[in-house]
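A closer look at the structure
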Amino acid sequence: MAKEGNGRKLEGMIAIITGAANGCGRAAVLEFLREGATVVGADKDETSGLALSNELPAGSFKFIAADVSRASDVRHIVDTTLSSYGRIDILLNQAGDIRVMPLLQASEEDFDFMVNNNVRSVFLMTQAVLPSMLKVGKGVIVTTSSVSSSTATPMEALYCSSK
């Protein structure tokens, strides 16, 4: 795990970061790498994920195009990580999505989209990595949220309720 005195808190650790291709997820990838982790990044945005992968040193980052609201994609992420690195030390549930609209204009499909991307994905990823973490007796799972989970934001009723 992390080595004393080297200043890199995540040295030698294997991390999965969802929503890795853009925004906060991309920033987390860069920070985890700076701190010494090897990162498997998953995102639906294959173009941005591959571009990020091409910017980074070989062997430090593996991109997997995946929709973390789908159980089969989640299983692929976890299986690929375990077969490539043998373990998962950290899961950062960063993936999320937003649709901005008045609540009365939102459809059931809009609701399902938000819940699948912002809630179901966390459930699936966490459930999928836990067995490997429990097997070795340790691991870290971080799930990000939003200020919108506690503060109403105009036109974002679906988003707020999913955070």
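The following refers to the structure shown. Only a predicted model underlies this, so the values are computations on that prediction, with no experimental measurement involved.

**Points about the side chain of aspartate 89**
The topology assignment puts aspartate 89 in the loop between helix H3 (71-85) and strand E4 (90-93). In this structure the side chain of aspartate 89 is engaged in a polar contact, spanning 2.7 Å, whose partner is the backbone nitrogen of isoleucine 14.

**Considering the sheet that holds strand E1 (residues 14-18)**
If you walk across this open sheet you meet the five strands as E3-E2-E1-E4-E5, and the pairing is parallel. Lying at the two open borders of the sheet, with one neighbouring strand each, are strand E3 (61-65) and strand E5 (140-143). Adjacent strand axes in the sheet meet at a mean angle of 15° when their direction is disregarded. Sheet topology note: the E1/strand E2 (residues 38-43) ladder contains five bridges and is parallel. What sits directly across from threonine 18, in E2, is alanine 42. Where H3 meets the sheet, its contacts fall on E1, E2 and E3, and the angle it forms with E3 comes to roughly 155°.

**Observations concerning helix H1 (residues 23-34)**
Between its first and last C-alpha, H1 extends 17 Å over twelve residues, near the 16 Å set by a 1.5 Å rise per residue. Every buried residue of H1 is accounted for by Gly25, Ala28, Val29, Phe32 and Leu33. One face of H1 carries all of its buried residues, which in axial projection span an arc of 130°. Every exposed residue of H1 that faces more than 90 degrees away from the buried side is listed here: Gly23, Cys24 and Arg34. Positive phi shows up at glycine 36, right after H1, with a value of about 100°.

**Focus: the pattern of salt bridges**
The tally for this structure, following the rule as stated, stands at eight salt bridges. Here arginine 26 and glutamate 55 are joined by a salt bridge, their closest N and O atoms 2.6 Å apart. Of this pair, arginine 26 sits in helix H1 while glutamate 55 is found in helix H2 (residues 46-55), placing the two residues 29 residues apart along the sequence.

**Quick notes on H3**
Its 15 residues give H3 an end-to-end C-alpha distance of 21 Å, which sits within 8% of 21 Å, the value for a rise of 1.5 Å per residue. Buried residues of H3: Val74, Ile77, Val78, Thr80 and Thr81, and no others. Projected down its long axis, H3 shows its buried positions confined to an angular sector of 160°, all on one face. Exposed residues lying more than 90 degrees from the buried face of H3 are Ser72 and Ser83. Elements in contact with the buried residues of H3: E1, E2, E3 and helix H4 (108-136).

The rules behind each value
- Residues numbered from 1 in each chain as written.
- Predicted model: local features only at pLDDT ≥ 70, side-chain atom pairs only at ≥ 80, totals over all residues.
- Heavy atoms only, no water.
- Helix = DSSP H or I, 4+ residues; strand = E, 2+ residues; numbered from the N terminus.
- Polar contact = N/O pair within 3.5 Å; in protein donor to acceptor, adjacent residues only side chain to side chain.
- Pairing = 2+ DSSP bridges.
- Axes fitted to C-alpha atoms, helices over the stretch in contact; angles between N-to-C directions.
- Contact = heavy atoms within 4.5 Å.
- Expected span 1.5 Å × (residues − 1).
- Buried < 20%, exposed > 50% of the residue type's maximum accessible area, 1.4 Å probe, protein only.
- Arc of directions from axis to C-beta.
- Salt bridge = Lys/Arg side-chain N within 4 Å of Asp/Glu carboxyl O.

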